[in-house]
There are 2 protein chains.
Amino acid sequence: MEGESTPQAMRILYHLPLSPFSRKVRLALAEKRIPFDLRIERIWERREEFLTINPACTVPVLQDVNGLVVTESYAICEYLDEAYPDMPLLGRTLAERAEVRRLVGWFDDKFNIEVTRNLLEEKQMKRLLGRGNPDAGAIRAGYANLRSHLEYLGWLAETRAWLAGPNLSLADLAAAAHLSALDYMGDVDWSMSEAAKDWYARMKSRPSFRPLLAERVTGTSPPAHYADLDF
Amino acid sequence: MEGESTPQAMRILYHLPLSPFSRKVRLALAEKRIPFDLRIERIWERREEFLTINPACTVPVLQDVNGLVVTESYAICEYLDEAYPDMPLLGRTLAERAEVRRLVGWFDDKFNIEVTRNLLEEKQMKRLLGRGNPDAGAIRAGYANLRSHLEYLGWLAETRAWLAGPNLSLADLAAAAHLSALDYMGDVDWSMSEAAKDWYARMKSRPSFRPLLAERVTGTSPPAHYADLDF
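Residues numbered from 1 in each chain as written. Chains lettered and ligands numbered in written order. Predicted model: local features only at pLDDT ≥ 70, side-chain atom pairs only at ≥ 80, totals over all residues. Heavy atoms only, no water.

Draft legend 1. The overall build of chain A, seen in detail. Across its full length, chain A carries eight helices and four strands. Each helix and strand of chain A, ordered N terminal to C terminal, gives the series β-α-β-α-β-β-α-α-α-α-α-α. Relative to its length of 231 residues, chain A is compact, with a C-alpha radius of gyration of 17 Å against a globular reference of 17 Å. Expressed along its principal axes, the backbone C-alpha trace of chain A runs to roughly 50 × 45 × 30 Å. In chain A, which comprises 231 residues, the proportion classed as buried is 53%. Taking as baseline every contact in chain A between residues at least 6 positions apart, the subset at least 24 positions apart corresponds to 67%. Just so you have it, chain A exposes about 10,200 Å², and 51% of that area is on carbon and sulfur atoms. Between the averaged position of the 29 positive side-chain charges in chain A and that of its 33 negative side-chain charges there is a distance of 1 Å. (Helix = DSSP H or I, 4+ residues; strand = E, 2+ residues; numbered from the N terminus. Rg over C-alpha atoms; globule rule 2.2 N^0.38 Å. Buried < 20%, exposed > 50% of the residue type's maximum accessible area, 1.4 Å probe, protein only. Contact = heavy atoms within 4.5 Å. Areas by Shrake-Rupley, 256 points an atom, 1.4 Å probe, with all protein chains shown as cover. Lys, Arg positive; Asp, Glu negative; His and termini not counted. Charge placed at Lys NZ, Arg CZ, Asp CG, Glu CD.)

Quick look at the structure:
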């Protein structure tokens, strides 16, 4: 950013386009109608200025208009709901909040380890970082796990208005963030669960989703249905 | 639990003794002086009644006196600070809370992947689950990463009263939870950082830590210094 003069009042999200954790925060900001600028951060370059604001060298990182830097998608989302309480994304009662956070953990921990890392990291990150060929076993496991996760997601979507209950919440955004990144890679067979597909169609048609659907990553084109609202 | 009559008013934490995430919640409950009963949950047995309260089949799970079940250590800790605000563990201002959560993420994500999983899971969980011998490469990486993490922790402890700032917070509990489990296995060479060791001595001397230091796991004895406050 050398040579650039950054106005004090700019809100910046450092991100990577296919990072599900970055996508979750982008959706949360957009649902709350909080304007922000996006900066791609190539974390593997370990840029020195970036390391000073986030020694863990991960994305997303939010630099808010007040200058506060918030790191870790979990911390950013909790911060956003505290600092910008309009359009609450964590639920109202203690029970609602426990259920939203349980499902955020489900997608960001369990789904991430069982599906996202096996598919997205094997295929995309290894190529990007020149770390060799994807591991066939990991990819097989990723697809098998994705099937059970879509079933569970479909069951939630069938029994509730949104994944965690009557209102759209961070649980929907976390799930959609992972699935949209995988969908970009052509990894999601939506015919496996009609209910999951219906829920995802509702997510895709939200204005918050538009920038994600319009985005393209160099070297990888999404399948035709990726940006199609009637897929 | 068949045949047992569980009084409505019992608060139960399902846990495993060496699980850092369970230890973090135990410390949080104890710091807040919230009484609770411990139940060991052998998650690898996939007990049916447990799966109905936590389909992810992970520990810790908190069943509160009001009957509310909270799953995922992140959700439990956020819940505890909302439901029992005395002795706040997440900080007061937005900036303090961002820093506490950043460091909780640091230890529960980064430290967990780079150190805890390489050492504790390789040595203890593989043996417990009969999954073969520990991987020598993973253990080497775990020890190497532990050294840099202790340096970072020591730097934090030198520049602040507690890891995240002027007050004890969930960041200290998360860090101490991981390190105490590793220390039980004899994996921590405290001579690597005097400042980290001083901080850990302060943590160990807190009343909340006593039950952890008194606990013994079948088949594994801790080194002599484990429960020693002047180690």
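Draft legend 2. Summary view of the interface of chain B and chain A. On the side of chain A, 27 residues touch chain B, which itself brings 27 residues to the contact. Between chain B and chain A, a total of about 2,300 Å² is buried, with carbon and sulfur atoms accounting for 64% of that surface. Per-residue buried area on chain B facing chain A is highest for B:Tyr74, B:Leu94 and B:Arg101; these three make up 26% of the total on that side. Taken together, the connections running from chain B to chain A amount to six salt bridges. For B:Arg97, the salt bridge goes to A:Glu82, with nearest N and O atoms at 2.8 Å. Here chain B and chain A share six residue pairs in polar contact (both at pLDDT 80 or more) between them. (Buried area = accessible area lost by both parts, 1.4 Å probe. Salt bridge = Lys/Arg side-chain N within 4 Å of Asp/Glu carboxyl O. Polar contact = N/O pair within 3.5 Å; in protein donor to acceptor, adjacent residues only side chain to side chain.)

Draft legend 3. Representation of the sheet that holds strand β4 (residues 69–71) of chain A within the structure. Residues and elements named next belong to chain A. Across the sheet, which stays open at both edges, the four strands sit in the order β2-β1-β3-β4 with mixed pairing between neighbours. The open sheet is flanked by β2 (37–40) and β4, the only strands paired with a single partner. Strand-to-strand twist of the sheet, defined as the mean angle between neighbouring strand axes without regard to direction, takes the value 20°. Two elements, strand β1 (residues 12–15) and β2, share four bridges in a ladder whose sense is parallel. Across the sheet, the residue bridging to His 15 is Ile 40, located in β2. Relative to the sheet, helix α3 (residues 73–83) contacts β3 (61–63) and β4, its axis offset from that of β4 by approximately 130°. (Pairing = 2+ DSSP bridges. Axes fitted to C-alpha atoms, helices over the stretch in contact; angles between N-to-C directions.)

Draft legend 4. Local environment of helix α3 (residues 73–83) of chain B. When you tally the buried positions in α3(B), you get nine out of 11 residues, the bulk of the element. Within the sequence span of α3(B), burial applies to B:Ser73, B:Tyr74, B:Ala75, B:Ile76, B:Cys77, B:Glu78, B:Tyr79, B:Leu80 and B:Asp81.

Draft legend 5. A look at the relation of the copies chain B and chain A. It takes a turn of 180° to lay chain B on chain A, together with a shift of 0.0 Å along the axis; the resulting RMSD is 0.0 Å. Taken together, the rotation and translation relating the two chain copies correspond to the operation of a two-fold axis. (Least-squares fit on C-alpha atoms with pLDDT ≥ 70 in both.)

Draft legend 6. Spatial organisation of the sheet that holds strand β4 (residues 69–71) of chain B. Residues and elements named next belong to chain B. What the four strands build is an open sheet, ordered β2-β1-β3-β4; its pairing is mixed. Unpaired on one side and paired on the other, β2 (37–40) and β4 mark the two borders of the sheet. On average, each strand axis in the sheet is inclined to that of its neighbour by 20°, with strand direction left out of account. Relative to strand β3 (residues 61–63), strand β1 (residues 12–15) runs antiparallel, the two sharing three bridges. The partner of Leu 13 across the bridge, within β3, is Leu 62. Helix α1 (residues 20–31) contacts β1, β2 and β3 of the sheet and is inclined by roughly 155° relative to β1.

Draft legend 7. Spatial organisation of the pattern of salt bridges. Enumeration over the complete set of coordinates arrives at 32 salt bridges over all chains. The partner of A:Lys110 in a salt bridge is A:Glu114, and the shortest N-O contact between them spans 3.0 Å. Of this pair, A:Lys110 and A:Glu114 both sit in helix α4 (residues 94–128), four residues apart, roughly one helical turn. Across the pair B:Glu99 and B:Arg102 runs a salt bridge, and its minimum N-O distance is 2.9 Å. On the criterion of helical spacing, the pair formed by B:Glu99 and B:Arg102 is a turn pair, its members being three residues apart in helix α4 (residues 94–128). The class of B:Glu99 is buried, set by a relative accessible area of 16%.

Draft legend 8. Representation of the pairing of β1(B). Burial along β1(B) is two-sided: B:Ile12 and B:Tyr14 facing one way and B:Leu13 and B:His15 facing the other are all buried. Note that the unit made of β1(B), α1(B) and β2(B) has a crossover that is right-handed. (Right-handed = clockwise from strand over helix to strand, strands pointing away.)

Draft legend 9. Highlighting unusual backbone geometry. Note the cis peptide between A:Val59 and A:Pro60, where omega equals 0°. Within the secondary structure, A:Pro60 sits in the loop between α2 (48–53) and β3. Unlike most non-glycine residues, B:Arg46 shows phi in positive territory, near 45°. Its location among the elements puts B:Arg46 in the loop between β2 and α2 (48–53). The phi torsion at B:Met87 lies on the positive side, around 55°, for a residue other than glycine. Along the chain, the position of B:Met87 falls in the loop between α3 and α4. On the basis of relative accessible area, B:Met87 is assigned to the partly exposed category, the value being 31%.

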